[in-house]
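Letter by letter, the chains look like this.
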Amino acid sequence: IVIVFLRKSQQAEREYEKVKHQLENLEESVRDRCKKEFTDLMIEMEDHTNDLSEGRIPFLDYKTYTDRVFFLPSKDGANDVMITGKLDIPESRKAIVAQALNQFSNLLNSKTFLITFIRTLEARPDFNARAKVYCASLLTVALHGKLEYYTDIMRTLLLGLMEEYVQSKNPKLMLQQVYKRMCLHCFFICLQDSAGEPLYKLFRAIKHQIEKGPVDAQVKKAKYTLNDTGLLGDDVEYSMLTLQVLVQGEGPDITPVKVLDCDTISQVKEKIIEQVYKNLPYSQRPKVESVTLEWRPGSTGQILSDLDVTSQKEGRWRRLNTLAHYNVRDNATLVLSRLMHTQQSYYQNHDNHEERNALLEDDKVFHLVRPADELDEMKSKRGSIKDKSMTKAITEIYLTRLLSVKGTLQQFVDDFFRSVLCSGTEVPPAVKYFFDFLDEQALKHDNVDEETIHIWKTNSLPLRFWVNILKNPHFIFDVHVTEVVDASLSVIAQTFMDACTKSEHKLSRDSPSNKLLYAKEISSYKKMVDEYYKGIRVMVPVSDQDMNTHLAEVSRAHTDKLNTQVALHQLYQYASKYYKEIVLSLDEDPAAQSKQLTFRLQQIAAALENKVTDL
């Protein structure tokens, strides 16, 4: 018995040492991979850094910036009338409508009318969250010529809101109404140039790192990502290729482009376009659908496409074509051609479209990982519990890739956090002015403690502005954000949100991987947020005069680029919809009566709606 016990204990000891050694090796390999990947990334990012030093960050112009921030999230998206600028007004009525809209603009410049207008809309139960966001956006454009007045209105509304929340509700929930959106838009206007280089570098680094490994074009999952739900949980064999690309009709220059042999043809086109047209912003580059890719292994050429008659079939599934499928080798020469808008290319595309539809008639498509179909599901149901637990364990082994990517991108994430949470000369006057306003109001109320002030500031700037920009770099830059890049940006945005909250997150084994990933850094990020708020508090105050001067400069520089008339027309739709309620509110206000605001609104309604009113 003693001998058996000793043998068993020795065996257990050996097993323990073996597992310990494996874990140490795993940790060492992750560390080494982080160092190697980071070194590679820094070397490869040098080109991008050179581009940045030459002023090549593709900032959007002011009109496009405001369109994307204010109106792209609307229900009509890119077709919103504020983006297109097209109003459906008969030619015979354009002069009358223009005159009436100018009168409506004058009416909005009456503080009594505007505050009554906003509060009446806010009180309507059918004036939902989407309508509040859209209305605030319209007001921002309509009053862009007088941002000092706009800020005064916002200040007046916020004072009323503060009084209401402090007296009767939980003050911590304030800044959660049209007022909050107006406040946010004011930050968007004043902080356009503040995001800049660190955010662009972070975006480029994430994109670059993701594209170094396989990305499944169908399920939108990647080998290198920060998001566990977007992690490619399979080992995909691949190798790096350098293609020699010639662009037809653009000279004899050959551009070397790095791709993966497991990339689909559309992914290869994207990488080629990115490299060949790197000096152009995304909106000016040719789109993937508008180019063809031809491989010339010998005397004859072969057009490459995602799906054709050679596509590999696996049961009811059809695999998207890759460079490996076509057997394209390293240093192969490919020709990129733009499709001409001619009758011939139309029929050619039409035929390709019909061929693609015929191929897909009975088949499902996959790229790298084939989803389990009914047959596989039946097999898996019969599989043993042991097999399933092994599969789960194997899937979780891939989570070390998250650590690897995190380690590689850490400097870029830290640089972004430092640039955003830096107090001193870097802080825009609008931030200092607004934070001082919140501090002043807090001192006037006994039940507003430091935590409440922290929440007010966090809800007004970091959570509303920075998180929005971090998750949507295309709001500031002329870039394309893919789903896989968006997934990683969302993890960093969530970390930023966690850093700005006062509550402590208790982590456990069941916590989401995304939270565990930055668990070590979160305390230092929280300190950065606290120091940022303290630093702003001790800065030299921004006077009302300095703030108004700053706002007047912004108004002068950009107002003529915006669709102010269209914004006034869209705002009037709300005045028309809630006409009776607005008139009733105006009639109950002695100040509105003395200024004959109801009469002025009736005149505008008569002109704009071409109808008889109670004049």
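Because the structure is a prediction, the values reported are computed rather than measured.

1. Thoughts on the side chain of Thr116
Logical step 1: With respect to the helices and strands, the residue Thr116 is situated in helix H5 (residues 111-123).
Logical step 2: In this view, Thr116 contacts Ser585, Leu586 and Asp589; residues no more than four positions away in its chain are not counted.

2. Things to note about helix H21 (residues 519-537)
Logical step 1: In this model, H21 (19 residues) spans 28 Å end to end at C-alpha, consistent with the 27 Å of a helix rising 1.5 Å per residue.
Logical step 2: Its buried side turned inward, H21 meets helix H15 (400-420), helix H16 (429-443), helix H17 (450-460), helix H18 (462-471), helix H19 (483-500) and helix H20 (513-517).

3. Section: the confidence of the model for the protein chain
Logical step 1: Looking at the protein chain as a whole, its pLDDT mean stands at 82, while 83% of the residues score no less than 70.
Logical step 2: Contacts of residues 342-348 to residues separated by more than four positions or lying in other chains number 1 contact, the stretch itself having pLDDT below 50.
Logical step 3: Here residues 384-394 is modelled with pLDDT under 50, and outside its nearest four sequence neighbours on either side it reaches 3 contacts, counting other chains as well.

4. Describing the sheet that holds strand S7 (residues 313-314)
Sheet strands pair by backbone hydrogen bonding; their relative direction is either parallel or antiparallel.
Logical step 1: Within the open sheet, the 3 strands sit side by side as S7-S8-S10. Their pairing is mixed. A single partner strand is all that each edge strand has here, and the edge strands are S7 and strand S10 (364-366).
Logical step 2: Pairing between strand S8 (residues 317-319) and S10: 3 bridges, direction parallel. The residue bridging Trp317 from the neighbouring strand is Lys364, located in S10.

5. A closer look at the packing of aromatic side chains
Logical step 1: Considering all chains together, one arrives at 20 aromatic pairs under this definition.
Logical step 2: Relative to Phe477, the ring of Phe59 has its centre 5.4 Å away and its plane inclined at 45 degrees; by these criteria the two rings are tilted.
Logical step 3: Relative accessible area serves as the criterion here: at 0%, Phe477 is assigned to the buried category.
Logical step 4: Both rings, one in Phe417 and one in Tyr525, keep their centres 4.2 Å apart while their planes meet at 35 degrees; by these two values the pair is tilted. Linking Phe417 in helix H15 with Tyr525 in helix H21, this pair joins segments that are 108 residues apart in sequence. Here the two residues Phe417 and Tyr525 agree in accessibility, since each one is buried.

6. What to know about helix H26 (residues 597-609)
Logical step 1: Here H26 is 13 residues long and its end C-alpha atoms lie 18 Å apart, about the 18 Å a rise of 1.5 Å per residue gives.
Logical step 2: Of the residues making up H26, those classed as buried are Leu597, Thr598, Leu601, Gln602, Ile604, Ala605, Ala607 and Leu608.

7. Description of the pattern of salt bridges
Side chains that differ in charge, positive against negative, can pair when their charged atoms come close.
Logical step 1: Tallying each qualifying case throughout the model produces 22 salt bridges.
Logical step 2: Taking the shortest distance from any N to any O, the salt bridge between Glu91 and Lys94 comes out at 3.3 Å.
Logical step 3: Since its relative accessible area comes to 64%, Glu91 is described here as exposed.
Logical step 4: Residue classification places Lys94 among the partly exposed residues on the basis of a relative accessible area of 39%.

8. Comments concerning the nonpolar core
Logical step 1: Counting residues in each nonpolar core, the largest one holds 134 residues, and the members touching the most others are Phe104, Phe113, Phe117 and Tyr574.
Logical step 2: Broken down by element, the residue count for this core peaks at 11 residues, all from helix H7 (residues 147-168).
Logical step 3: Beyond its immediate sequence surroundings of up to four residues, Phe117 is in contact with Leu571, Tyr574, Ala575 and Ile582.
Logical step 4: Counting residues in each nonpolar core, the second largest holds 22 residues, with Val259, Val291, Trp295 and Tyr326 among its members.

Parameters and conventions
- Residues numbered from 1 in each chain as written.
- Predicted model: local features only at pLDDT ≥ 70, side-chain atom pairs only at ≥ 80, totals over all residues.
- Heavy atoms only, no water.
- Helix = DSSP H or I, 4+ residues; strand = E, 2+ residues; numbered from the N terminus.
- Contact = heavy atoms within 4.5 Å.
- Expected span 1.5 Å × (residues − 1).
- pLDDT = per-residue confidence, 0-100.
- Pairing = 2+ DSSP bridges.
- Phe/Tyr/Trp six-rings, centres within 6.5 Å; stacked < 30°, edge-to-face > 60°.
- Buried < 20%, exposed > 50% of the residue type's maximum accessible area, 1.4 Å probe, protein only.
- Salt bridge = Lys/Arg side-chain N within 4 Å of Asp/Glu carboxyl O.
- Core = buried A, V, L, I, M, F, W, Y, C linked by side-chain atoms within 4.5 Å.

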